[in-house]
Amino acid sequence: MTTPVQAPGGQQLAESAGRRAIWLSVAALAMTFMLPLAGLVMAVFALIAGIRALPILRGSGRSTGVAVGGIVVSSLSLMLSAGATAMQLYLMDEYSVYQECMRGAGTVAAKEACFSQFRDAAAAKLPPGVIDVLGSVQP
């Protein structure tokens, strides 16, 4: 029985594929909290990198834990960013009114009034109880 011939640097390629998957997934998670739409795109890239890293790691006999971790984290960030992006699109009109109100608000009381108006408008558009789950998160 003969062993297959491996190209030089095969171990290094497998190791870098696993690291790439986890770093892209962490970047996707960070982008999700800053710019949800960019996090959505980054999460798709991270998920693809994690899935592509699995056979490379298996073929080189390395542990697939890093790639699986990348897939899990990128899947989580994909769900979070998709939800946040959908929420932003759904509340786009209310958020535009909120931004206009904030531009004209010169005092803290006026800014609080803008937020109260936004919260009431969002509560009217969303199903009952969603605003209670979100708590006092400000846009």
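One can find the structure itself at the top, above this paragraph.
These numbers come from a predicted model, not from an experiment. (Residues numbered from 1 in each chain as written. Predicted model: local features only at pLDDT ≥ 70, side-chain atom pairs only at ≥ 80, totals over all residues. Heavy atoms only, no water.)

Observations regarding the environment of glutamine 11
Stated precisely, the cut-off is as follows: Each helix is a run of H or I in the DSSP string that is no shorter than four residues. Each strand is a run of E no shorter than two, and both are numbered from the N terminus.
Within the secondary structure, glutamine 11 is located in helix α1 (residues 10-34). Sequence separation of glutamine 11 and glycine 59 is 48 residues, and the distance between their C-alpha atoms is 9.5 Å.

With respect to the environment of glutamine 88
Locating glutamine 88 in the fold gives a position in helix α3 (residues 65-90). With 52 residues separating them along the chain, glutamine 88 and proline 36 place their C-alpha atoms 8.9 Å apart.

Considering the state of the cysteines
Note the following rule: Two cysteine sulfur atoms make up a disulfide if the distance between them is within 2.5 Å. The cut-offs for exposure are 20% and 50% of the maximum accessible area for each residue type, with area from a 1.4 Å probe on protein chains only; residues under the lower value are buried, those over the upper are exposed, and the others partly exposed.
For the structure on display, the rule yields one disulfide. A sulfur-sulfur distance of 1.9 Å marks the disulfide that ties cysteine 101 to cysteine 114. The S-S bond linking cysteine 101 to cysteine 114 shows a torsion near -80°; that makes this disulfide left-handed. Of the two residues, cysteine 101 sits in helix α4 (residues 92-104) while cysteine 114 sits in helix α5 (residues 108-125), which places them 13 residues apart along the sequence. Residue cysteine 101 is classed as partly exposed on the basis of its relative accessible area, which comes to 23%.

Details of the pattern of salt bridges
Inclusion rule: Whenever a carboxyl oxygen of Asp or Glu lies within 4 Å of a side-chain nitrogen of Lys or Arg, that contact is scored as a salt bridge.
One pass over the full model with this rule turns up two salt bridges. The partner of glutamate 94 in a salt bridge is lysine 125, and the shortest N-O contact between them spans 3.6 Å. With glutamate 94 in helix α4 and lysine 125 in helix α5, this residue pair connects regions lying 31 residues apart in the sequence. For lysine 125, a relative accessible area of 29% translates into the label partly exposed. Arginine 103 is paired through a salt bridge with glutamate 100; the nearest N and O atoms lie 2.3 Å apart. Of this pair, arginine 103 and glutamate 100 are both found in helix α4, three residues apart, which corresponds to roughly one turn of the helix. Given the relative accessible area of 60%, arginine 103 is considered exposed.

Quick look at the environment of valine 68
By the secondary structure assignment, valine 68 is in helix α3. When the C-alpha positions of valine 68 and isoleucine 22 are compared, they lie 8.5 Å apart, and in sequence the two are 46 residues distant.

Quick word on the side chain of serine 60
Under the convention used in this document: Polar contacts here mean pairs of N or O atoms no more than 3.5 Å apart (in protein, one a potential hydrogen donor and the other a potential acceptor; neighbouring residues in sequence count only if both atoms are side-chain atoms).
For serine 60, the location among the structural elements is in the loop between α2 (36-59) and α3. Polar contacts involving the side chain of serine 60 include one to the main-chain carbonyl oxygen of leucine 57, which spans 3.1 Å.

A look at the packing of α2 against α3
Convention followed: Helix axes use the C-alpha atoms of the stretch in contact, all axes being lines fitted to C-alpha atoms, and the angles between their N-to-C directions lie in the range 0 to 180 degrees. These descriptions rest on fixed angle ranges, namely under 35 degrees for roughly parallel, over 145 for roughly antiparallel, 65 to 115 for roughly perpendicular, and the rest for oblique. A crossing counts as left-handed when the near helix is turned anticlockwise from the far one by less than a right angle, and as right-handed when that turn is clockwise. Each residue gets one label: Ala, Val, Leu, Ile, Met, Phe, Trp, Tyr, Cys and Pro are nonpolar, Asp, Glu, Lys and Arg are charged, and the others, such as Gly, are polar.
Viewed as axis vectors pointing N to C, α2 and α3 meet at an angle of 160°, and their least axial separation amounts to 8 Å. Here α2 lies roughly antiparallel to α3, going by the angle between them. The two elements α2 and α3 cross, and the hand of that crossing is left-handed. Considered class by class, the residues forming the contact of α2 with α3 number 17 nonpolar, eight polar and no charged.

So far we have only geometry, and geometry alone does not tell us how the molecule works.
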